Amino acid sequence: MAALTEDDVLKSELRWLWVVGAVVAVIFAGILYAGMAMRVNPPSNIELKDPKTLHLSGEFTEANLGASVEPNGHVTARIVATQFAFVPNCVVLPADQEVTLRFVSPDVIHGILVTGTNVNTMVVPGYVAQVHTVFRKTGDLLMPCHEFCGLGHSQMLGTVKVVPREQFRPGPDGRVACETPELNRAAPPVPAGQLPAGPPAPLQQPTLQPTLAGAAAAAAAPAATAEAAAAAASSNAPASASVAE
Ligand code: CUA
């Protein structure tokens with residue numbers, strides 16, 4: 001093979017320059033499209049909030065949590081993400097209008113996303129995580145924690161109940177809760193004779209019970225395994241029986 005001349009090297013380098021330039025341009029165009037057309041942006045809000053005192057005064061006290069209509073008519077939901085639940089566990093928000101979600105954490109870093117929407121942010125202790133969005137479809141949207149925050153992380157999920165604008169009727173205090181009877185009455189009636197009539201069952205609160213029970217079982221397991229081994233030995237059963245999990 002003939003030795004490469006200086007000219008060949010230059011041509012090859014220029015070719016690669018174009019290839020790399022094209023790849024960078026495609027990625028950059030993708031970022032612009034996601035940011036401008038799909039409104040997928042990293043939250044830019046920088047607002048400090050002391051995690052040790054956020055529950056004592058100000059907007060994140062218990063009475064202020066959940067969805068409410070501000071004096072200027074804007075709808076804001078305030079949610080505390082804590083190990084291992086959202087408080088409140090469910091927020092009602094109207095569809096087809098801009099709403100704001102504000103999150104704080106008193107303990108560790110959590111992350112939230114609302115399935116099927118562009119709402120996705122970290123919740124870092126010490127800061128208020130804020131997201132503006134417009135929900136285009138109605139229904140109960142799952143809001144799981146997506147940042148590992150401890151043993152109960154997998155149990156940590158909430159619900160965003162998006163209702164048509166006309167069903168979003170704040171009470172005299174400007175607040176709307178998932179328990180509002182009008183919102184739950186909209187559910188299709190249960191056919192007679194299938195279930196006793198009554199108020200709709202409250203949303204199941206995720207609990208840590210299964211995890212704790214699992215941990216207890218795991219702690220008890222070595223003893224059980226030893227017993228099984230003794231039983232297996234005395235009955236001449238195959239030794240593999242003792243490695244049952
Ligand atoms: Cu909170 Cu994971």
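Peer 1: Explanation requested: the overall build of the protein chain in the structure shown.
Peer 2: In terms of regular secondary structure, the protein chain is built from 3 helices and 11 strands. Written out in order from the N terminus, the α and β elements of the protein chain read α-β-β-β-β-β-β-β-β-β-β-β-α-α. Evaluated residue by residue, the protein chain yields a buried proportion of 20% over its 245 residues. Intrachain contacts of the protein chain at a sequence separation of at least 6 include 61% that bridge at least 24 residues.

Peer 1: Can you help me understand the pairing of strand β4 (residues 90-94) in this one?
Peer 2: Put simply, side chains in a regular strand alternate between the two faces of the sheet. Among the 5 residues that make up β4, 5 are buried, leaving the element largely enclosed by the rest of the structure. Here β4 shows a buried face lined by C90, V92 and P94 and a second buried face lined by V91 and L93.

Peer 1: What is the right way to read helix α1 (residues 6-37) from this model?
Peer 2: Because an α-helix completes one turn every 3.6 residues, residues spaced three or four positions apart along the sequence face the same direction. With 32 residues, α1 ought to run about 46 Å at 1.5 Å a step, and its terminal C-alpha atoms sit 46 Å apart, in line with that. Little of α1 sits out of view: just 0 of its 32 residues are buried. Phi for R39, located one or two positions after α1, is positive at around 55 degrees.

Peer 1: I keep staring at the environment of F148 and nothing clicks. Help me out?
Peer 2: In this structure, F148 sits in the loop between β9 (139-144) and β10 (157-163). We classify F148 as exposed; it has 12 C-beta atoms within 10 Å. Taking the C-alpha atoms as reference points, F148 and H110, separated by 38 residues in sequence, lie 7.0 Å from one another.

Peer 1: What is the right way to look at the sheet that holds β4 in this model?
Peer 2: Pairing between the strands of a sheet comes from backbone hydrogen bonds, and it takes one of two forms, parallel or antiparallel. Pairing within the open sheet is mixed, and its 3 strands lie in the order β4-β10-β9. For this open sheet the edge positions go to β4 and β9, each flanked by a neighbour on one side alone. The mean inter-strand angle of the sheet, taken between neighbouring strand axes irrespective of direction, is 25 degrees.

Peer 1: Can you help me understand the confidence of the model for the protein chain in this one?
Peer 2: Residues shown with low pLDDT carry predicted positions that ought not to be read at fine detail. In the predicted model, the protein chain carries a mean pLDDT of 80, and 73% of its residues have values of at least 70. pLDDT under 50 marks residues 205-245. Its contacts with residues more than four places away, or in other chains, come to 20 contacts.

Peer 1: Help me understand the nonpolar core in this model?
Peer 2: Most often, soluble globular proteins have nonpolar side chains that are buried together. Core analysis: the largest hydrophobic core is formed by 35 residues, its most contacted members being I79, A81, V91, V92, L93 and F103. Contributions of two or more residues to this core are made by β2 (75-82), β4, β5 (98-104), β8 (129-134) and β10. When residues of this core are assigned to their parent elements, the largest contribution, 5 residues, is made by β2. Residue contacts for F103: discarding those within four places in its chain leaves I79, A81, I112, V123 and A129.

Peer 1: Before we go on, may I ask you to explain the pairing of strand β1 (residues 66-69) in this structure?
Peer 2: Across 4 bridges, β1 lies against β2 in antiparallel orientation. Counted as the bridge partner of V69 is V75 from β2. In this antiparallel pair of consecutive strands, β1 and β2, the connection spans 5 residues, and G73 shows a positive phi of 95 degrees. The sheet contact formed by β1 and strand β11 (residues 175-176) spans 2 bridges and is antiparallel. Bridge assignment links A67 to a residue of β11, and that residue is V176.

Peer 1: For this particular structure, what's the right way to read unusual backbone geometry?
Peer 2: As a rule of thumb, non-glycine residues mostly have phi less than zero, and peptide bonds are mostly trans rather than cis. With an omega of 0 degrees, the peptide bond between Q83 and F84 qualifies as cis. Take F84: it is sitting in the loop between β2 and β3 (85-87). Not every positive phi belongs to a glycine, and D96 is a case in point at roughly 60 degrees. With respect to the secondary-structure elements, D96 resides in the loop between β4 and β5. When the 13 C-beta atoms within 10 Å are taken as the criterion, D96 is described as partly exposed.

Peer 1: Teacher, can you tell me more about the environment of L113 here?
Peer 2: Tracing the sequence through the fold places L113 in strand β6 (residues 110-113). Put simply, L113 and H146 are 33 residues apart on the chain and 7.1 Å apart in space, counted from C-alpha to C-alpha. Apart from residues no more than four positions distant in its own chain, L113 is found in contact with V119, N120, P144 and H146.

Parameters at a glance
- Residues numbered from 1 in each chain as written.
- Predicted model: local features only at pLDDT ≥ 70, side-chain atom pairs only at ≥ 80, totals over all residues.
- Helix = DSSP H or I, 4+ residues; strand = E, 2+ residues; numbered from the N terminus.
- Buried ≥ 20, exposed ≤ 12 C-beta atoms within 10 Å, placed from the backbone.
- Contact = placed C-beta atoms within 7 Å.
- Expected span 1.5 Å × (residues − 1).
- Pairing = 2+ DSSP bridges.
- Axes fitted to C-alpha atoms, helices over the stretch in contact; angles between N-to-C directions.
- pLDDT = per-residue confidence, 0-100.
- Core = buried A, V, L, I, M, F, W, Y, C linked by C-beta atoms within 7 Å.

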